Amino acid sequence: MRFELTGCFRTSANVDHAVDDITGFFRDEASKLLSKGVPQGRGALVEKIWCEGQSICFKLVSDRYLRAHDGVLRLRRPLARLLGKRHRIGIRRVEVRDYVIRFPAKRPLKRLKIPYVKDIEYMDGELVLTLNVSEAEIERRVPDRIVSLVEDKLAMDEYGGKSEHWKLLWESEKREEKKMLDPTQQLVEAKWIKHGASRGQWIYGPEITKLFRVFEEIVIDEIITPLGYSEMIFPKLVTWEVWKHSGHAKGVYPEIYYVCPPKTRDPEFWEEVIDHYKVTLEVPIDLIAEKIGKPIGGMCYAQCPPFWMFLKGETIADESLPFRVFDRSGTSHRYESGGIHGIERLDEFHRIELVWCGSVEEVLKDSEELQERYKKIFTDLLELEWRMAWVTPWFMAQEGLTGLAEEREVGTIDYEAIMPYRNEWLEFQNLSVNGDKYPKGFNVKSQSGKPLWSGCSGIGLERWASVFLAQKGLEIDEWPPAVRKRYGKRPKGIKFL
């Protein structure tokens, strides 16, 4: 990677009479300043300097060890000190005339609109970015974030999607008793579910709802109670502040349902909308759009991030660690675009979210215990044919990143079950050790000062039902004993004429 920055230090007076001192500074002091903390032969180099009236102009080239814009900031104050002491001249600002960053790349990226980037070209195995930045953007580390963004995009382009980063960890025995019907089709025909008014939304009748409650009971009996989880209620409207701290603000936009408040509650402000509907019996969507404010966030997308506002900026007493909490208080929402399918892939769905936090050792131990609990549930109680796989960590996938975590300690395990009717595997459960991502993101510390880690695991009731019914069918008498006993007699549904 190569950085090429041409710019000027704009001064308070003409510098013609200070040229000798300026030349000496760049010849002697600048090289020392630019080599500090950098491996020998690496870092930044002043390739050229010249003076123009009230400007000291330069061209800085560098590698990634000391990026050119960082080099400019290193030089500014010592140069100002020299000019002020000897010539009573100050440096008023840094002017960036041209800034080019070159990345090695195997192929061009698609055309992108990136803030502060004037142009992107692909030439001779390099991606060449021309930036339009000022001193303010340099001080705010904008070039560094542009570099990180482009590196992420190059990595995504090279490694592909999540499906390419999958490693089998464990697989159950094959089970012979399998159904060959789409579970959603079965549920619709049996009148256990009906489409809701919104896309990717279902209304669940008494029969399937009772099965959801059986799954919850199993989770409480096998996980919540023995492992000591306490119930909490997490917000379901998530603001930008939460997603900035959690990292979701890097890539969540195509998949969230946005929340916009009204500009005012004044009935007179809304009278035109109300009258329009009364006359036409049509809701005036375009008119409403003019009367609502900008999005303040969105509906719950990933269940645990808003919980961390409870801990934000706090120091947790050692006696409270490790803690284990869960939430089952409401729906989650994702705009799945063309990917919705029955109750397997939805825009609105129901989950139990487990969150645990403690020392590195405690979080890893809890993860292992939870893995064993899931293995018992899926194998002995639900009697599924299933497998575990090490995949792209969920938090990387949701931030638009790819690849496996470098360490097996931090990352995500996907639980997948065979869907016999289409002979494909469906992810129906996950478990993640997130490392220090959330404690650091929300500035949470421990009383002892030891690093805090956390983990989370989302239990999707629709996904559990999908894989269970795909393999076992709707005949309650054919369900495994552990489920059949808890379910009992089928509740009376609603009949239609």
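For the structure given in this document, a descriptive report is provided here. None of the values given here were measured: they were computed from a predicted structure.

Concerning the packing of helix α1 (residues 19–35) against helix α2 (residues 68–87)
Running from amino to carboxyl end, α1 crosses α2 at an angle of 140 degrees, the nearest separation of the two axes being 10 Å. Judged by the angle between their axes, α1 and α2 are oblique. Crossing hand, α1 versus α2: right-handed. Packed against α1, whose contacting residues are D21, I22, F25, F26, A30, L33 and L34, the element α2 presents G71, R74, L75, P78, L79, L82, L83, R86 and H87 at the interface. Per-class residue counts for the contact of α1 with α2 are 11 nonpolar, 2 polar and 3 charged.

Digging into unusual backbone geometry
With the exception of glycine, the majority of residues adopt a negative phi angle, and the majority of peptide bonds are in the trans configuration. Across the junction of L321 and P322, the peptide omega takes the value -5 degrees, indicating a cis bond. Summarising the element assignment, P322 is placed in the loop between β14 (315–316) and β15 (323–327). Of note in this structure, R88 is not a glycine but carries a positive phi near 55 degrees. Structurally, the position occupied by R88 is in the loop between α2 and β4 (91–104). In this model, E383 sits at a positive phi of 55 degrees, which is unusual for a non-glycine residue. Mapped onto the elements of the fold, E383 is located in the loop between α10 (360–381) and β18 (386–391).

Topic: a nonpolar patch on the surface
Side chains of Y277, L281, V283 and I285 sit close together on the surface and give an oily, nonpolar patch of about 420 Å² of accessible area. For L281, the position within the fold is in the loop between α8 (271–280) and α9 (285–290).

Quick notes on the packing of aromatic side chains
Under the defined criterion, the tally for this structure stands at 26 aromatic pairs. Arranged with centres 6.0 Å apart and planes meeting at 35 degrees, the rings of W240 and Y253 form a pair that is tilted. With W240 in helix α7 (residues 240–246) and Y253 in the loop between α7 and β12 (258–259), the pair connects residues that are 13 residues apart, well separated along the chain. Each ring, one from Y257 and one from Y335, has its centre 5.9 Å from the other, and the planes form 70 degrees; the classification is edge-to-face. Here Y335 lies in the loop between β16 (331–333) and β17 (348–358) and Y257 lies in the loop between α7 and β12, a separation of 78 residues in the sequence. We classify Y257 as partly exposed; its relative accessible area is 24%. For Y335, a relative accessible area of 35% gives the class partly exposed. An aromatic cluster of at least three residues, connected via ring pairs, comprises W170, F215, Y374, F378, W386, Y415, F428, W464, F468, W479 and Y487. Lying over the aromatic face of Y487, K210 brings its terminal NZ or CZ to 5.2 Å of the ring centre.

Comments concerning the sheet that holds strand β13 (residues 297–299)
Strand order in the open sheet formed by 3 strands is β11-β13-β12, and the pairing between neighbours is antiparallel. The outermost strands of the open sheet, each flanked by one partner alone, are β11 (237–239) and β12. As defined by bridge partners, β12 adjoins β13 across 2 bridges and the pair is classed as antiparallel. The residue of β13 that forms the bridge with Y258 is G298.

Structural notes on the environment of F307
Position of F307 among the secondary structure elements: in the loop between β13 and β14. Take F307: its relative accessible area is 3%, and that puts it in the buried class. Counting along the chain gives 254 residues from F307 to G53, while the straight-line C-alpha distance between them is 58 Å.

A word on the environment of P78
On the secondary structure map, P78 appears in helix α2. Here P78 falls in the buried class, since its relative accessible area comes to 17%.

Some remarks on the pairing of strand β6 (residues 126–131)
Within a regular strand, side chains alternate between the sheet's two faces. Counting buried positions along β6 yields 5 of 6 residues, so the element is predominantly enclosed. Here 6 bridges tie β4 to β6, and the two strands are oriented antiparallel to one another. Note that in β6 the partner of F103 across the bridge is L127. With 6 bridges joining them, strand β5 (residues 117–123) and β6 adopt antiparallel strand pairing.

Re the sheet that holds β4
By definition, the strands of a sheet pair up through backbone hydrogen bonds, in either a parallel or an antiparallel sense. Read across the sheet, 6 strands follow the order β2-β3-β1-β4-β6-β5 without closing on themselves; strand pairing throughout is antiparallel. Among the strands making up the open sheet, the edge pair consists of β2 (44–52) and β5. Here the strands of the sheet are splayed against their neighbours by 15 degrees on average, with no regard to which way each runs. Of the strands in this sheet, β1 (2–11), β2, β3 (55–62) and β4 are in contact with α2, which crosses β1 at around 25 degrees.

Quick notes on the pairing of strand β20 (residues 424–435)
Burial analysis of β20 places 9 of its 12 residues in the buried class, the great majority of the element. For strand β19 (residues 411–419) and β20, the ladder comprises 9 bridges, and the chain directions are antiparallel. Its bridge partner lying in β20, D414 is registered against N430. Counted along the chain from β19 to the antiparallel partner β20, the turn is 4 residues long, and its residue N423 has a positive phi close to 50 degrees. Where β20 meets strand β22 (residues 453–460), 4 bridges bridge the pair, whose relative direction is antiparallel. When the sheet's bridge partners are listed, G435 is paired in β22 with S454.

Brief notes about the pattern of salt bridges
This structure, assessed with the given rule, holds 35 salt bridges. Residue E217 pairs with R486 through a salt bridge whose shortest N-O separation is 3.6 Å. Taken together, the residues E217 in helix α6 (residues 206–227) and R486 in helix α14 (residues 481–487) connect sequence positions 269 residues apart. Owing to a relative accessible area of 24%, R486 belongs among the partly exposed residues under this scheme. Residues E222 and K376 are paired through a salt bridge, measuring 3.1 Å at the closest nitrogen-oxygen approach. Here K376 lies in helix α10 and E222 lies in helix α6, a separation of 154 residues in the sequence. The class of E222 is buried, set by a relative accessible area of 11%.

Thresholds, definitions, all that
Residues numbered from 1 in each chain as written. Predicted model: local features only at pLDDT ≥ 70, side-chain atom pairs only at ≥ 80, totals over all residues. Heavy atoms only, no water. Axes fitted to C-alpha atoms, helices over the stretch in contact; angles between N-to-C directions. Helix = DSSP H or I, 4+ residues; strand = E, 2+ residues; numbered from the N terminus. Parallel < 35°, antiparallel > 145°, perpendicular 65-115°, else oblique. Left-handed = near helix turned anticlockwise from the far one by under 90°. Contact = heavy atoms within 4.5 Å. Nonpolar A, V, L, I, M, F, W, Y, C, P; charged D, E, K, R; others polar. Patch = residues over 30% accessible without salt bridge, like charges linked within 9 Å, V, L, I, M, F, W, Y side chains within 5 Å. Areas by Shrake-Rupley, 256 points an atom, 1.4 Å probe, with all protein chains shown as cover. Salt bridge = Lys/Arg side-chain N within 4 Å of Asp/Glu carboxyl O. Phe/Tyr/Trp six-rings, centres within 6.5 Å; stacked < 30°, edge-to-face > 60°. Buried < 20%, exposed > 50% of the residue type's maximum accessible area, 1.4 Å probe, protein only. Lys NZ or Arg CZ within 6 Å of the ring centre and 35° of its normal. Pairing = 2+ DSSP bridges.

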